[in-house]
Amino acid sequence: MNRIIFALDVYDYNEALSLSRELSNDVFAIKVNWPLVMNNGISIVKEISRYSNVICDFKIADIDNTNRLITEKARENNAWGIITHSFTGRRSLKAVVSAAGDMKVFSLVSMSQESFIDNYTDDLVKMSMEENVYGLVAPGNRIDILRHIRSMSGDLKIIAPGIGAQGGGITDAIMAGADYVIIGRSIYSDPEPLKKVKSLNEILGDD
Ligand code: NUP
């Protein structure tokens, strides 16, 4: 079982496609974010989906109708999953879940950096569970918060950023309850990304 979600935060089309091809067999999913999509258009999601599950990290944070429009575009382009904010409230979250169809919805309940969201994390976890999301985004580098979120969230999948470049340890995050770890810079900035992924998988016993 692969437990790494690769954060493909590069701009360049060729680099993105070649990293996707190279790493797809050794990661659980590839997460795309605004930098890549702004430079290449949403169709890059469909292209990468030929190699891997793709999670669109769009951190959707708008009114219900706009959330729906964004979610539909990700779905149209074969995304496997989508990340949405939840602080915008139930009506906005419901719009994402309903437009997602088979796509997995991950609701962000705490960030890998301190933020005002921290004041509402418990409410956001409860609401996300009530609205039947597939999983949560919780910080892999703030272990006490991650552990607390795990304890509240039953069998929801937790995906955790903040590993490596943001100071978190991969084993610590898994031990604290993350199902998957999100890792970007530590992989794509390494001179040998595939070797790096394989060594991380070995640490997790997932090779
Ligand atoms: O709280 C969050 N922190 C975070 O870093 C929520 C996120 N979605 N991310 C994303 O995870 C961030 O935007 C980036 O795409 C990835 C972490 O990358 P890196 O710090 O491993 O390079």
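Residues numbered from 1 in each chain as written. Predicted model: local features only at pLDDT ≥ 70, side-chain atom pairs only at ≥ 80, totals over all residues. Heavy atoms only, no water.

A. Inspection of the UniProt feature "active site" (unreviewed entry) in the protein at higher detail. In this structure's numbering, the residues bearing the UniProt feature "active site" (unreviewed entry) are D57, K59 and D62. Those annotated residues that line the largest pocket are D57 and K59. You can see K59 is positioned in strand β3 (residues 54–60). Its relative accessible area of 25% is what places K59 among the partly exposed residues. Beyond its immediate sequence surroundings of up to four residues, K59 is in contact with N33, I83, T84, H85, L108 and M111. Examined against the element boundaries, D62 turns out to sit in the loop between β3 and α4 (64–76). For D62, a relative accessible area of 35% puts it in the partly exposed group. Each residue touching D62, except ones within four places of it in the same chain, is listed here: N67, T88 and S92. (UniProt positions renumbered as here; feature names shortened; annotations may be inferred. 1 Å grid on protein atoms, 1.4 Å probe; cavity = no way out; pocket = protein on both sides within 12 Å on 5 of 7 lines; lining within 4 Å. Helix = DSSP H or I, 4+ residues; strand = E, 2+ residues; numbered from the N terminus. Buried < 20%, exposed > 50% of the residue type's maximum accessible area, 1.4 Å probe, protein only. Contact = heavy atoms within 4.5 Å.)

B. Focus on the sheet that holds strand β7 (residues 157–160). Pairing is parallel in the closed barrel, where 8 strands are placed in the order β1-β2-β3-β4-β5-β6-β7-β8. Pairs of neighbouring strands in the sheet enclose a mean axial angle of 25°, with direction left out of account. Across 5 bridges, the pairing between strand β4 (residues 81–85) and strand β5 (residues 104–108) is parallel. Note that in β5 the partner of I82 across the bridge is V105. The strands touched by helix α5 (residues 90–100) within the sheet are β3, β4 and β5, with β5 carrying the most contacts at an inclination of about 160°. (Pairing = 2+ DSSP bridges. Axes fitted to C-alpha atoms, helices over the stretch in contact; angles between N-to-C directions.)

C. Looking closely at the pattern of salt bridges. Evaluated as defined, the whole model comprises 13 salt bridges. With a closest N to O distance of 2.6 Å, K31 and D57 form a salt bridge. Here D57 lies in strand β3 and K31 lies in strand β2 (residues 29–32), a separation of 26 residues in the sequence. No difference in accessibility class separates K31 from D57, as the two residues are buried. Between D118 and R142 there is a salt bridge, with the nearest N and O atoms lying 2.8 Å from each other. With D118 in the loop between β5 and α6 (121–130) and R142 in the loop between β6 (135–137) and α7 (143–152), the pair connects residues that are 24 residues apart, well separated along the chain. R142 gets classed as buried once you look at its relative accessible area, which sits at 18%. (Salt bridge = Lys/Arg side-chain N within 4 Å of Asp/Glu carboxyl O.)

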